[in-house]
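Fold and contact review
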Amino acid sequence: MPIGDRYKSTMAAENWDAVIIGSGISGLTTARLLADAGKRVLVLEKHFKFGGYTHTFKRNNYEWDVGIHYIGGNLHKPNSFLRRLFDYVSSGNLHWARMDDIYDRIVFPDKTYDFVSGKEAFIDKMINYFPQEEKVIHKYMDLVNQIVKKSLSYYTNKAIPGLLGSLTYPLMSKPFLEYAGRNTRDVLKELGCSIELMGVLTGQWGDYGLPPAQSSFGVQAMVARHYWEGGNYPVGGARMIAETVIPGIQSRGSKVVLSTGVEEILTHKGNAFGVRLENGDEIKAKMVISSAGIKNTFEVLLKDDRRGSNGTVTLDQVQPSSGYYCLHIGLDRSAADLGLNKANLWVYPDYDHDLNLKNYLDDNDQPYPVVFISFPSAKDPSWDKNHPNTSTIEVITVAEFSKHKKWENKEWKNRGDEYEALKESISQNLLDVLYQQTPEAKGHVDYYELSTPLTSRDLANYKEGELYGINHTPERFKQKWLKPQTPIKNLFLTGQDIVTAGVSAALMSGVITASSILKRNLMKQFVN
Ligand SMILES: Cc1cc2nc3c(=O)[nH]c(=O)nc-3n(C[C@H](O)[C@H](O)[C@H](O)COP(=O)(O)OP(=O)(O)OC[C@H]3O[C@@H](n4cnc5c(N)ncnc54)[C@H](O)[C@@H]3O)c2cc1C
């Protein structure tokens, strides 16, 4: 059976229990769980590829991921929660390759710091780098552990529908919000952290998109904890996720279709009853589930019942995350020949991430506040067989959507010389950073292509080309309405915006949403 189905107008006449907007990992997970519960589901994807931010694209003999560089969560252990969940949705067909012990390398002008897998090994490393701050390091690690434990009831509460969910909210959410409702910089300062140690401990801030003074300490804790046992990469690249999940949905009588954008969620008197497609077709369903992001769902897709009748959806309390540039690079030698490592590099001009970002936003001629360099082909054990004597690198940094507004109405791949010149100059800047950190790559770059916030807008449908949906501020975590149930009956949410960014978080959002709809705790079955 081919992966995915072609949209046909006759689909509109079929009976659907649920229409799901978007085929990212959250939409597909929700679809699989509902299909397993006997529901007939139609997943509608606007893009011409499945998988949302887990899709890949090819040029010449190269292929690049868009939104995955590594996933933690003990995926290498067959009995871990996350692995059991991935095995379930992919029917055991998705395989993982573990990265080396060093998964992230935090690079400052004067020194480089390695993040190593294993909590104790990580603590030893940090103490070795900062012997005077041993106590602070222990306090930080304990706090991270505590907060992640407290996050479990916070997220479980999201799955509890109706009045019961509201009644249990204070008890289940307050312990987590005590720290998730504060910014990372304040919490780390309170622990007595120096600016240098803070710079290192928050060296993965690009994984959630905000520097310490702006980010919730909840997301810092969850991301740091997520990688304590190291990083993993999907064998065959990110597209294997959708390719292994979709067949299980199809074999249960449900469908997943491409190039089928939803224009409107249809409602009547506060009830969702279907969707209108961009081609004008109307599809009726008993429920509609949107994984298209909060902003899209409430600001674009809901035309009548815009924000729900009772004013609980306070969109002004959440902001879109930043845009980004990604330079996708193809090289004419294998990763082994070039000596490329699996570890990601995080390159910073200074230890103070807040200042780095401010300086850059004030004046784009200042150094990039963060440059992330990833070596996907080195992480994928199947790469060399499928793409002999080649390798790939991705280099990512912050980008402002506003700087690209002037081309926002021009077509993808046809935005004119000025835009191409801007792209070329940014590409050269990013290549300079790459060559400083990885001189082995010099002379072997055979192809490169830069994506901008306009690319992400056009291919992932985030209005401002957002990297991670809505921003991970302390305020975001206090929004009670960021959960599957909406004020509109039979309209549900799923996806990164109701949890946090990250493939495993979005996967979890699918479980939370399906649990809320089916009124059953589906998480339990994955706990070992
Ligand atoms: C550059 C980058 C690097 C990242 N690196 C990592 C990483 O290393 N590890 C990690 O865990 N996470 C990473 N992430 C984050 C991770 O990819 C995302 O958090 C996750 O994939 C989001 O899944 P989702 O299902 O919530 O949303 P999405 O994947 O965005 O899926 C939403 C889908 O809805 C579709 N859609 C939107 N509007 C409509 C409409 N009107 N009609 C029909 N369909 C519509 C979109 O086309 C899209 O396919 C990265 C993200 C980016 C951008």
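Structure: above.
The rules behind the values
- Residues numbered from 1 in each chain as written.
- Predicted model: local features only at pLDDT ≥ 70, side-chain atom pairs only at ≥ 80, totals over all residues.
- Heavy atoms only, no water.
- 1 Å grid on protein atoms, 1.4 Å probe; cavity = no way out; pocket = protein on both sides within 12 Å on 5 of 7 lines; lining within 4 Å.
- Points joined across faces, edges and corners; volume = space filled by probe spheres on them.
- Nonpolar A, V, L, I, M, F, W, Y, C, P; charged D, E, K, R; others polar.
- Domains from an automatic or database assignment.
- Core = buried A, V, L, I, M, F, W, Y, C linked by side-chain atoms within 4.5 Å.
- Buried < 20%, exposed > 50% of the residue type's maximum accessible area, 1.4 Å probe, protein only.
- Helix = DSSP H or I, 4+ residues; strand = E, 2+ residues; numbered from the N terminus.
- Contact = heavy atoms within 4.5 Å.
- Near = heavy atom within 4 Å.
- Polar contact = N/O pair within 3.5 Å; in protein donor to acceptor, adjacent residues only side chain to side chain.
- Areas by Shrake-Rupley, 256 points an atom, 1.4 Å probe, with all protein chains shown as cover.
- Axes fitted to C-alpha atoms, helices over the stretch in contact; angles between N-to-C directions.
- Left-handed = near helix turned anticlockwise from the far one by under 90°.
- Pairing = 2+ DSSP bridges.
- Salt bridge = Lys/Arg side-chain N within 4 Å of Asp/Glu carboxyl O.

1. Re the layout of surface pockets
The calculated volume of the second largest pocket comes to roughly 500 Å³. Classifying every residue of the lining of the second largest pocket gives 13 nonpolar, eight polar and nine charged. Of the residues that make up the lining of the second largest pocket, three or more belong to each of domain 1 (9–55 + 72–95 + 235–318 + 471–526) and domain 3 (322–340 + 375–460).

2. Some thoughts on the nonpolar core
Side chains that are nonpolar tend, in soluble globular proteins, to be buried together. Counting residues in hydrophobic clusters, the biggest one holds 139 residues, and the most contacted among them are Phe86, Tyr140, Phe217, Val275 and Phe477. The dominant element in this core, judged by the number of residues it contributes, is helix H4 (residues 134–159), at eleven residues. Apart from the residues lying within four places of it in its own chain, the contact partners of Val275 are Val19, Ile21, Leu44, Val262, Glu264, Ile265, Leu266, Asp281, Glu282, Ile283 and Val288. Counting 27 residues, the second-largest nonpolar core is a separate cluster that includes Leu327, Ile373, Leu430 and Val433.

3. Quick notes on the site of the ligand
The environment of the ligand is formed by 35 residues, the closest being Ser26, Glu45, His69, Tyr462 and Gln496. Within the backbone of Lys46, a nitrogen or oxygen atom sits 3.2 Å from a nitrogen atom of the ligand. A distance of 2.6 Å separates an oxygen atom of the ligand from a polar backbone atom of His69. In isolation the ligand offers 1,000 Å² of accessible surface; the protein chains occlude 97% of this area. Looking at the shell around the ligand, the elements with two or more residues in it are helix H1 (25–36) and helix H18 (503–518). For the shell around the ligand, the per-class residue count stands at 20 nonpolar, 13 polar and two charged. Of the residues that make up the shell around the ligand, three or more belong to each of domain 1 (9–55 + 72–95 + 235–318 + 471–526) and domain 3 (322–340 + 375–460).

4. Concerning the packing of H1 against H18
Taken N-terminus to C-terminus, the directions of H1 and H18 make an angle of 35°; their axes are 8 Å apart at the nearest point. Seen along the crossing, H1 lies across H18 with a hand that is right-handed. Taken together, the residues of H18 that come into contact with H1 (itself represented by Ile25, Ser26, Thr29, Thr30, Leu33 and Leu34) are Val503, Ala506, Leu507, Ser509, Gly510, Val511, Thr513, Ala514, Ile517 and Leu518.

5. Topic: empty space enclosed by the protein
One pass over the full model with this rule turns up two cavities of 30 Å³ or more. Estimates place the volume of the largest cavity at around 60 Å³. Along its surface, the largest cavity is lined by Ala292, Gly293, Ile294, Lys295, Asn296, Asn461, Tyr462, Lys463, Glu466, Gly469, Ile470 and Asp497. When grouped by side-chain class, the residues that make up the lining of the largest cavity number four nonpolar, four polar and four charged.

6. Side note on the sheet that holds strand S12 (residues 282–284)
Strand order in the open sheet formed by three strands is S10-S11-S12, and the pairing between neighbours is antiparallel. Every interior strand has two partners, whereas the edge strands, strand S10 (262–268) and S12, have only one. Between one strand axis and the next, the sheet turns through 30° on average, direction left out of account. The sheet contact formed by strand S11 (residues 271–277) and S12 spans three bridges and is antiparallel. The residue of S12 that forms the bridge with Val275 is Ile283.

7. Concerning the pattern of salt bridges
The tally for this structure, following the rule as stated, stands at 27 salt bridges. Residue Glu190 pairs with Arg182 through a salt bridge whose shortest N-O separation is 2.9 Å. Classification of Glu190 by relative accessible area gives exposed; the value is 53%. By relative accessible area, which is 26% here, Arg182 ends up partly exposed. A salt bridge links Arg276 to Glu282; its shortest N-O distance comes to 2.8 Å. Residue classification places Arg276 among the partly exposed positions, given a relative accessible area of 23%.

8. Points about the pairing of strand S4 (residues 62–65)
The alternating pattern of S4 places Tyr62 and Trp64 and Glu63 and Asp65 on opposite faces, both of which are buried. As paired strands, strand S3 (residues 56–59) and S4 are joined by four bridges and run antiparallel to one another. Of the residues in S4, the one forming a bridge with Thr56 is Asp65. Linkage of S3 to S4, two consecutive antiparallel strands, is achieved through a turn of two residues, within which Asn60 is found at a positive phi near 50°.

These figures capture arrangement, not role.
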